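Results of the structural survey
Residues per chain are reported as follows:
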Amino acid sequence: MKGNIVPHRRRTAAPTALIAALAIGAAVTASLSGCDVEIAPEAIPAPFSVAPAPSASMGQPAYVCTAVYQILTDGAVRLAGNAPGGEQGLRDTFAAMSAELRTAGAASADAAQREQVAAIATALEQAAKAEDPQAFLDGEFTTIGQKLDGTCP
């Protein structure tokens, strides 16, 4: 005998088990292919976010950028779920985001950054009072975070 010879039953056991598993998987897939599962959008919880924890770097531009982007992201998630709330849901979300941004921006040690965050907050505030907040959501809101890009390290 030369080398490590594997007995015949071991050489066929693994492929046989693999073929059996694939056959079972195909049967299960075929039996479920006619099933339709409907899930109401309200039944799915929105993804959670972890806002930056207050620390010694709280007023630093990088921290403020993280906080602002987090507020905008969380707001976008809320806006995606506000379709049943209609225009009033959009207005309420824009107003809440504006207030949160003003608080976050005021903490910045960088004057240019404070100014940009205030501009974003003002735009959201105007959208909350606008006749058609959906137009803001479909338009300027998609790029509003880019105003901050130049101030982030």
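Residues numbered from 1 in each chain as written. Predicted model: local features only at pLDDT ≥ 70, side-chain atom pairs only at ≥ 80, totals over all residues. Heavy atoms only, no water.

Let us look at helix α4 (residues 111-129). For α4, built from 19 residues, the straight-helix expectation of 27 Å at 1.5 Å per residue is met to within 8% by its first-to-last C-alpha distance of 27 Å. Every buried residue of α4 is listed here: Gln-113, Val-117, Ile-120, Ala-121, Ala-123, Leu-124, Ala-127 and Ala-128. Seen along its axis, α4 keeps its buried residues to an arc of 155 degrees; they face one direction. Opposite the buried face of α4, at more than 90 degrees from it, the exposed residues are Glu-115, Gln-126 and Lys-129. Where α4 is buried, its residues contact α2 (61-80), α3 (86-106) and α5 (133-138). (Helix = DSSP H or I, 4+ residues; strand = E, 2+ residues; numbered from the N terminus. Expected span 1.5 Å × (residues − 1). Buried < 20%, exposed > 50% of the residue type's maximum accessible area, 1.4 Å probe, protein only. Arc of directions from axis to C-beta. Contact = heavy atoms within 4.5 Å.)

A few words on the confidence of the model for the chain. Of all residues in the chain, 59% attain a pLDDT of 70 or more, and the chain-wide mean is 76. Across the chain, element-level confidence peaks in α4 with a mean pLDDT of 94 and bottoms out in helix α1 (residues 8-32) with 58. (pLDDT = per-residue confidence, 0-100.)

We now examine the nonpolar core. Counting 25 residues, the largest nonpolar core has Phe-94, Leu-101, Leu-124 and Phe-141 as its most contacted members. Broken down by secondary-structure element, the contributors of at least two residues to this core are α2, α3, α4 and α5. Ignoring anything within four residues of it in the chain, the contact list for Phe-94 reads Leu-79, Leu-124, Ala-127, Ala-128, Pro-133, Phe-136, Leu-137 and Phe-141. (Core = buried A, V, L, I, M, F, W, Y, C linked by side-chain atoms within 4.5 Å.)

A complete count under the given rule lists 3 aromatic pairs for this structure. Consider the rings of Phe-94 and Phe-136, whose centres lie 5.2 Å apart with planes at 90 degrees: the pair is edge-to-face. Note that Phe-94 is positioned in helix α3 and Phe-136 in helix α5, a separation of 42 residues in sequence. Phe-136 shares its class with Phe-94; the two are buried. Taking 6.3 Å as the distance between ring centres and 55 degrees as the angle between the ring planes, the aromatic pair formed by Phe-136 and Phe-141 counts as tilted. (Phe/Tyr/Trp six-rings, centres within 6.5 Å; stacked < 30°, edge-to-face > 60°.)

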